[in-house]
Amino acid sequence: MSDSPLVSIIMAVKDEEHYLAECLDSILAQTYPNWELIAVNDHSSDRTPEILTDYQSGNPRIKVYNGVGHKLIPTLQYGYDRSSGVLINRMDADDKMPKDKLEIMVREWMKYGKGTIVAGGTKHFVDHGEVGGGFLKYEDWLNHIAKTNTHYQEIYRECVIPSHCWLAHKDDFEAVGAFDPIVYPEDYDLCFRFYREKLNIVGIDHVLHFWRDHSTRISRTWQEYEDNRYFELKLKYFYELDRNSERPLVVWGAGKNGKDLMKLILEEESNVTWVCDNEHKIGKDIYNIRMRHFSIIQDLTLPQIIVAVAAPEARDAIIGTLNGWGKRPVDDFWFFT
């Protein structure tokens, strides 16, 4: 393989006239030269097509198309089908790249080769005001994941790799289905497909993407992202990849998260142990299941435990409790919130 493989950047664009020029300028400023941008206009109603055409003129690395399908995933599919790169990256048209993004990612990927996904850190920014607190917490968590390389250990909590912050060989990307599944959130589903394929994820402790927060970003406006717990997606892959039906299943948490999660689990199986530490709920029947004190877990043989407790301090206490009971298999428990 060449020391400078071609990177195809796939970018869906819809009504981004206010941010698109900054995004394109950041791509043109990349210190890594061997890239192509596949920009697909998804039926924009503003000046987006004109801006794309202006940048395409005189820049042969920028290739502009008008999408046929509507919405994000069909637009990404259309762009990917027209890419020529050995390595694949995705970009969002309202964001910006640090100038060394591609150089760092390619250099790291070249150490490992096929079978490896490289993923880096991210930083939010706004033009006016302040970034939303939830996004800042998510940013801190993502950067910790990249630094500690704990993507698969934390995969059931939230999406562990932002949609714009990975680099993959085309063969690996196609092995996991590329952009084919019409499943939202598409970036989280892709992470689970990396996990299913057992691809090696290498985290880079470096900010490799500037993520713009604004009122019209689809994570704020689309119905598909409204309930950002994504329990249905998580359980789909849990039952496909990690659930061992020969081991007892425990759900820890009796709040809203625990109740909503249990409703979905009961569609899959009925013999579930439900525990918490709330003395007002212990001993009561919810969904015809008796709520038990969490200490009952010690009496079970190799239980698999789903924790649906969101508060960070509670999470730390639960980890301390489980570890305090002695050495446990690494697949004993997962946090779903």
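Below or above, wherever it landed, is the structure these notes cover.

Rules used throughout
Residues numbered from 1 in each chain as written. Predicted model: local features only at pLDDT ≥ 70, side-chain atom pairs only at ≥ 80, totals over all residues. Heavy atoms only, no water. Buried < 20%, exposed > 50% of the residue type's maximum accessible area, 1.4 Å probe, protein only. Helix = DSSP H or I, 4+ residues; strand = E, 2+ residues; numbered from the N terminus. Pairing = 2+ DSSP bridges. Core = buried A, V, L, I, M, F, W, Y, C linked by side-chain atoms within 4.5 Å. Salt bridge = Lys/Arg side-chain N within 4 Å of Asp/Glu carboxyl O. Axes fitted to C-alpha atoms, helices over the stretch in contact; angles between N-to-C directions. Contact = heavy atoms within 4.5 Å.

Considering the pairing of strand β6 (residues 166-169)
- What you see with β6 is no split at all: Trp 166 and Ala 168 on one side and Leu 167 and His 169 on the other are buried throughout.
- In this structure, strand β4 (residues 87-92) lies alongside β6, joined through two bridges in antiparallel fashion. Looking across to β6, one finds that Leu 87 is bridged to His 169.
- Note: strand β5 (residues 116-125) against β6, two bridges, orientation antiparallel. By the bridge assignment for β6, Val 118 is matched with Leu 167.

What to know about the nonpolar core
- Among the nonpolar cores identified, the biggest contains 59 residues, and Tyr 156, Trp 166, Phe 173, Ile 265 and Phe 336 are the most heavily contacted of them.
- Tallying contributions element by element places helix α7 (residues 186-196) first for this core, with six residues.
- Of all hydrophobic cores here, the second largest spans 32 residues; its members include Met 11, Val 64, Leu 102 and Met 105.

Some words on the pattern of salt bridges
- Applying the stated criterion across every chain, the model contains 18 salt bridges.
- A salt bridge links Arg 212 to Glu 22, with the nearest nitrogen and oxygen atoms 3.1 Å apart. Of this pair, Arg 212 sits in strand β7 (residues 200-212) while Glu 22 is found in helix α1 (residues 20-28), placing the two residues 190 residues apart along the sequence.
- A relative accessible area of 34% means that Glu 22 is categorised as partly exposed.
- In this structure, the salt-bridge partner of Glu 103 is Arg 107, at a minimum N-O distance of 3.6 Å. Within this pair, Glu 103 and its partner Arg 107 are both found in helix α4 (residues 101-110), separated by four residues, close to a single helical turn.
- On the basis of relative accessibility, which here comes to 30%, the residue Glu 103 falls in the partly exposed class.
- One salt-bridge network, in which partners are shared between bridges, spans Glu 22, Lys 96 and Arg 212.

Thoughts on the sheet that holds β7
- Strand order across the open sheet formed by seven strands is β3-β2-β1-β4-β6-β5-β7, with mixed pairing between neighbours. Every other strand in the sheet has two partners, leaving β3 (62-66) and β7 as the edge strands with one partner each. Each adjacent strand pair in this sheet contributes to an overall mean axis angle of 25°, direction not counted.
- As judged from the seven bridges shared by strand β1 (residues 7-13) and strand β2 (residues 35-41), these two strands associate in the parallel manner. What sits directly across from Ala 12, in β2, is Val 40.
- Lying on the sheet, α4 is in contact with β1, β2, β4, β5, β6 and β7; it crosses β7 at an angle near 175°.

Structural notes on the sheet that holds strand β9 (residues 272-276)
- If you trace the six strands from one edge of the open sheet to the other, you get β10-β11-β9-β8-β12-β13, paired in mixed fashion. Here the strands that pair on one side only, and so sit at the sheet edges, are β10 (285-286) and β13 (333-335).
- Here β10 runs beside strand β11 (residues 289-293); their pairing, made up of two bridges, is antiparallel. Bridged to Ile 286 within β11 is Ile 289.
- Strands β8 (249-252), β12 (304-307) and β13 of the sheet are contacted by helix α9 (residues 231-242), whose axis makes an angle of about 165° with β12.

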